[in-house]
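# Coordinate analysis (summary)
Here's the letter readout for the chains.
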Amino acid sequence: MNTATRRGKLARTGSVITGASVRLAEHDGKALLARHGVPIPRGALLHGAPPADAAGVLKAQVLEGGRGRRGLVRRAAPGEAPAIAAAIRAALGDAAAPLLLEEEVPMARELYLAARVDGTAQRIEILCAPEGGVEVEQAAMLLRCGIEPEAAGALESLYAALRRGLPPDLAARVARFGLRLARILRAEDLELLEVNPLGVLADGRLVACDAKAVRDDAAQHRRDSPALSATLEDAALTPLERRARDQGFHLVELPGGTVAMVTAGAGLGMLMLDLLADAGCTAACFMDNLNGGPAETMPERLALGFEIARRPEVKAVMFFTTIASRGLEGRVAAIAAALRDTPPPKPFLAGIAAGHAALRGYPLDQARADLAAAGVTALHDTPQDLVRAVAAVAQA
């Protein structure tokens with residue numbers, strides 16, 4: 001997940017993500033759809049001022065959602081486009097921000113349609129709201145159908161699900177459109193492909209009037225990131241997030257957090273994030289591995305965690321790692337060396353869950369003694385014990 005999207009989801013919901021992914025800008029998402037023959041509005045990407053006589057819909061190209069509510073999507077009559085483009089860029093704080101200028105599509109109806117990977121069921125799921133658009137989150141009905149796109153009967157199953165909320169003729173057209181989205185999702189290594197609104201024209205044709213595409217980061221080695229999306233992703237990084245990327249791992253800063261959280265791996269990070277929230281604390285950062293990154297980034301993670309911990313609102317640093325087969329002694333020595341090189345600016349609380357192979361010849365009691373010599377007052381071996389200790393310090 002791109003950093004801007006991940007930061008918003010982490011701040012709002014705590015445990016939405018399970019790994020890294022890359023969101024495509026609308027322009028790049030629509031180019032992807034067009035390559036697969038999906039109808040989209042005619043449009044052009046603008047880096048400068050639009051022509052004085054241009055007309056249509058001007059859209060900011062950003063990686064966050066909610067553009068309509070923020071005034072970043074506006075209609076422009078002939079003669080209005082330059083002033084509206086300037087107003088959108090002023091709202092973004094970037095006089096050179098890229099904008100998409102599209103023809104206005106005369107929609108008779110707006111739908112919401114998406115294909116996504118259902119990680120729980122391990123299948124592709126089609127979602128459809130009979131009333132799409134800006135307020136789709138408040139839709140009274142959401143139709144769902146899990147499908148295998150190439151299986152016999154997939155189209156019929158999807159039609160039956162859509163028929164519960166759409167008239168028969170429209171349900172048939174949307175089912176074919178949804179099946180196409182599912183096949184594109186798989187072919188393009190996407191986790192999500194969302195069209196909102198899916199415009200229904202007076203003659204019954206369907207047009208993808210917006211596109212949100214999220215690609216699995218694990219597939220990036222065989223995919224070139226579109227230039228616009230890559231530029232927007234880079235621009236969204238804070239200086240610390242950019243340093244982390246250059247050092248070989250992901251860092252997401254979470255404003256207002258009280259605990260600098262140093263972990264490795266999305267699953268472990270999300271667990272610790274949720275445990276902190278249950279204990280009444282908030283994380284000031286989230287860390288994740290970078291595909292193809294170096295095997296060891298623990299000293300660099302600690303250093304950036306300590307920088308975040310120097311902020312007045314941050315009360316403690318929490319470090320937790322799991323070791324299955326690598327030797328615990330080497331990990332403890334590296335932690336101790338990092339702490340001697342850069343003493344933590346706030347109370348530092350550590351936890352290590354080590355497997356039997358990691359403990360061979362170096363018991364946990366010895367690890368506690370060696371870390372105590374480096375200034376660590378306690379070493380916990382379960383996430384719950386560590387979080388309780390962190391909460392006691394952060395809330396004191």
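Everything that follows concerns the structure shown earlier in this document.
This report concerns the structure included in the present document. Since the structure is predicted, the reported quantities are computational estimates derived from the model, not experimental observations.

### Some thoughts on the layout of surface pockets
Approximately 400 Å³ is the volume found for the second largest pocket. In terms of lining residues, the second largest pocket is bounded by 25 residues, among which Ala264, Ala295, Glu296, Arg326 and Arg331 are the most central. In terms of residues, the lining of the second largest pocket owes the most to one element, strand 15 (residues 316-323), which gives five residues. Here the residues of the lining of the second largest pocket sort into twelve nonpolar, nine polar and four charged.

### Focus on the pattern of salt bridges
As enumerated under the stated definition, the model contains 27 salt bridges in all. Salt-bridge contacts for glutamate 125 lead to arginine 144; the nearest nitrogen and oxygen are separated by 3.1 Å. Of this pair, glutamate 125 sits in strand 7 (residues 123-129) while arginine 144 sits in strand 8 (residues 143-147); the two residues are 19 residues apart in sequence, bridging distant segments of the chain. Take arginine 144: its relative accessible area is 42%, and that puts it in the partly exposed class. Note that arginine 173 is salt-bridged to aspartate 169, the shortest N-O span being 3.9 Å. A residue pair is termed a helical-turn pair when its members lie 3 or 4 positions apart in one helix, as arginine 173 and aspartate 169 do in helix 5 (residues 168-187) at four residues. Here arginine 173 falls in the partly exposed class, since its relative accessible area comes to 24%. Each of Glu26, Lys30, Lys59, Arg67, Glu102 and Asp210 takes part in salt bridges that share partners, so that together they form one network.

### Here's the deal with the side chain of asparagine 196
In this structure, asparagine 196 sits in strand 9 (residues 190-201). Accessibility expressed as a relative area gives 14% for asparagine 196, which makes it buried. Within the structure, asparagine 196 has its side chain in polar contact with the backbone nitrogen of glycine 133 (distance 2.7 Å). In contact with asparagine 196, not counting residues within four places along its chain, are Leu111, Tyr112, Gly132, Gly133, Val136 and Asp210.

What counts as what
As a convention, each chain's residues are numbered from 1 in the sequence order in which they are written. Residues qualify for local features only when their pLDDT is at least 70, as the model is predicted, and side-chain atom pairs are given and counted only at 80 or more; totals for whole chains, interfaces and linings, by contrast, use all residues. Remark: hydrogens and water are excluded; side-chain values derive from all non-hydrogen atoms of the structure. The method works on a 1 Å grid over the protein atoms by themselves. A cavity is a set of points holding a 1.4 Å probe that cannot get out, a pocket is an open set with protein on both sides within 12 Å along at least five of seven lines, and residues with an atom within 4 Å of a point line them. Grid points are joined across faces, edges and corners, and a volume is the space filled by probe spheres set on the points. Numbering of helices and strands runs from the N terminus, with a helix taken as a DSSP run of H or I at least four residues long and a strand as a DSSP run of E at least two residues long. Gly is put with the polar residues, along with every residue not named as nonpolar or charged; the nonpolar set is Ala, Val, Leu, Ile, Met, Phe, Trp, Tyr, Cys and Pro, and the charged set is Asp, Glu, Lys and Arg. Here, a salt bridge means any side-chain nitrogen of Lys or Arg that lies within 4 Å of a carboxyl oxygen of Asp or Glu. Under the scheme applied here, a residue whose accessible area is under 20% of the maximum for its type counts as buried, over 50% as exposed, and between as partly exposed, the area being computed with a 1.4 Å probe on protein chains only. In the analysis that follows, any N or O atom pair within 3.5 Å is treated as a polar contact, provided that within protein one partner can donate a hydrogen and the other can accept it, and provided that, for residues neighboring in sequence, both atoms belong to side chains. Contacts were defined at the residue level, with two residues in contact if any of their heavy atoms lie within 4.5 Å.

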